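Listed below are the residues making up each chain.
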Number of protein chains: 2
Amino acid sequence: MNRNFSKQRETILKVIKDAEKHLTTDDIFAAAKKQSPSIGIATIYRNLQLLEEDKQIQKTQLDNGKTYYEPYIGPHHHLVCTKCGKITHVTEPDFKLCVTCIENKNQVKINKISTTIYGECC
Amino acid sequence: MNRNFSKQRETILKVIKDAEKHLTTDDIFAAAKKQSPSIGIATIYRNLQLLEEDKQIQKTQLDNGKTYYEPYIGPHHHLVCTKCGKITHVTEPDFKLCVTCIENKNQVKINKISTTIYGECC
DNA sequence: TGTTAAATTAATATTGATTATCAGTTTCGA
DNA sequence: TCGAAACTGATAATCAATATTAATTTAACA
């Protein structure tokens, strides 16, 4: 599908790029409303999908069921504080797994690895 | 809360223990209905919680939002086929991360690590 | 064994997040 | 500028999970 330029989509993208933390759908809805007061929730969901397809933003669904969005930065993993809820990133080399070991042993072609680490940071 | 013996709870536990794969809530509801045709969905959810508290079963919420149950075996990780949906387990040493590295660098006390690996097995 | 309070049940209403539908509006290339 | 495709906001529909409630079952104990 070809994209048209839409003010609402730009607003949503800006909200996510300007945020210094992971945002929920509600966070995005609230922030977008300040720019476009008449924006509807359906427009939020629709554009989050489109922006994700275009690799402009990235969706993270933690295993507690909550969904967060952040600007696209490629594959990485999350560390979530179970007390204050703060979400930070975990990168190599702290996190390491033998992809080829798993591929060989299980006869699979791995295409995505998703890890969430829970702990207390405060 | 003290537990009473309940036929329904035993049925649900048996369903999960007898299954040779990860079950969704609907799978469990359907299977339990064969034993106790009058069982309600609320009873399923309530007992899944209780059985999980008692460490008799284990809940896995994949990052696509789907929830699965299996008999309790302690911490482990999952490999999901994106084609056939088959779920298998991934164990050390194929999967390894430096818990203390992450703890020191981020000043956290880690209490849970959840990883889902996606690939094609067929 | 009979009584009784606590635990459990099935049915149903409610919630919360997300998706589908739809009629009207906007965008943009020919 | 015209028209098809993309997009919008409102709202209905869906889906998983939780809360409520009145009736039933369990098990401790008199």
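A brief report on the enclosed structure follows. (Residues numbered from 1 in each chain as written. Chains lettered and ligands numbered in written order. Predicted model: local features only at pLDDT ≥ 70, side-chain atom pairs only at ≥ 80, totals over all residues. Heavy atoms only, no water.)

1. Comments concerning the relation of the copies chain A and chain B
Mapping chain A onto chain B is achieved by rotating through 179° and translating by 0.0 Å along the same axis, at an RMSD of 0.2 Å. This pairing of chains is accounted for by a two-fold axis. Minimal C-alpha distance to the rotation axis in chain A is attained by Thr115(A), lying at 2.1 Å. The share of interface residues of chain A whose copies in chain B are also at the interface is 100%, consistent with both copies meeting through the same surface. (Least-squares fit on C-alpha atoms with pLDDT ≥ 70 in both. Contact = heavy atoms within 4.5 Å.)

2. Structural notes on the protein's contact with DNA strand D
Near DNA strand D you find 22 residues, and of these Asn4(A), Ser6(A), Arg9(A), Thr43(A) and Tyr45(B) are the closest. The sugar-phosphate share of atoms of DNA strand D within 4 Å of the protein amounts to 80%. One of the side-chain N or O atoms of Ser6(A) is found 2.4 Å from a phosphate oxygen in DNA strand D. In this structure, Thr25(B) approaches DNA strand D through a side-chain N or O atom, which is 3.3 Å from a phosphate oxygen. Of all elements in the fold, only helix H1 (7-18) and helix H3 (41-53) of chain A together with helix H2 (25-35) and helix H3 (41-53) of chain B reach the threshold of two or more residues within the surface near DNA strand D. At four residues, the largest contribution of residues to the surface near DNA strand D is made by H3(A). Residues belonging to the surface near DNA strand D are distributed by class as follows: six nonpolar, 12 polar and four charged. (Near = heavy atom within 4 Å. Polar contact = N/O pair within 3.5 Å; in protein donor to acceptor, adjacent residues only side chain to side chain. Helix = DSSP H or I, 4+ residues; strand = E, 2+ residues; numbered from the N terminus. Nonpolar A, V, L, I, M, F, W, Y, C, P; charged D, E, K, R; others polar.)

3. Comments concerning the protein's contact with DNA strand C
Of all residues adjacent to DNA strand C, which total 21 residues, the nearest are Tyr45(A), Asn4(B), Ser6(B), Arg9(B) and Thr43(B). Among the atoms of DNA strand C lying within 4 Å of the protein, the sugar-phosphate backbone contributes 76%. Note that a phosphate oxygen of DNA strand C is positioned 2.3 Å from one of the side-chain N or O atoms of Thr43(B). When contributions to the surface near DNA strand C are tallied by element, the ones reaching two or more residues are H3 of chain A together with helix H1 (7-18) and H3 of chain B. Of the residues forming the surface near DNA strand C, the biggest block, four residues, is contributed by H3(B). Residues belonging to the surface near DNA strand C are distributed by class as follows: six nonpolar, 12 polar and three charged.

4. As for the sheet that holds strand S6 (residues 109-120) of chain B
Backbone-to-backbone hydrogen bonds join strands into a sheet, with any given pair of strands oriented parallel or antiparallel. Across the sheet, which stays open at both edges, the six strands sit in the order S4(A)-S3(A)-S6(A)-S6(B)-S3(B)-S4(B) with mixed pairing between neighbours. The sheet terminates laterally at strand S4 (87-90) of chain A together with strand S4 (87-90) of chain B, the two strands that pair on one side only. With strand direction ignored, the average angle separating the axes of adjacent strands in the sheet is 25°. Sheet topology note: the strand S3 (residues 77-81) of chain A/S4(A) ladder contains four bridges and is antiparallel. Counterpart to His78(A) in the pairing with S4(A) is His89(A). Lying over the sheet, helix H4 (residues 99-106) of chain A contacts strand S6 (109-120) of chain A together with strand S3 (77-81), S4 and S6 of chain B, oriented at roughly 120° with respect to S6(A). Along the sheet, helix H4 (residues 99-106) of chain B makes contact with S3, S4 and S6 of chain A together with S6 of chain B, crossing S6(B) at roughly 120°. (Pairing = 2+ DSSP bridges. Axes fitted to C-alpha atoms, helices over the stretch in contact; angles between N-to-C directions.)

5. Points about the side chain of Ser36(B)
Along the chain, Ser36(B) falls in the loop between H2 and H3. Apart from the residues lying within four places of it in its own chain, the contact partners of Ser36(B) are Lys7(B) and Thr11(B).

6. As for the pattern of salt bridges
Residues and elements named next belong to chain A. Counting across every chain of the model gives 10 salt bridges over all chains. When the shortest N-O distance is used, the salt bridge between Asp18 and Lys14 registers 2.5 Å. Here Asp18 pairs with Lys14, and both are found in helix H1, just four residues apart, close to one helical turn. Within the structure, one salt-bridge network assembled from shared partners comprises Arg3, Glu53 and Asp54. (Salt bridge = Lys/Arg side-chain N within 4 Å of Asp/Glu carboxyl O.)

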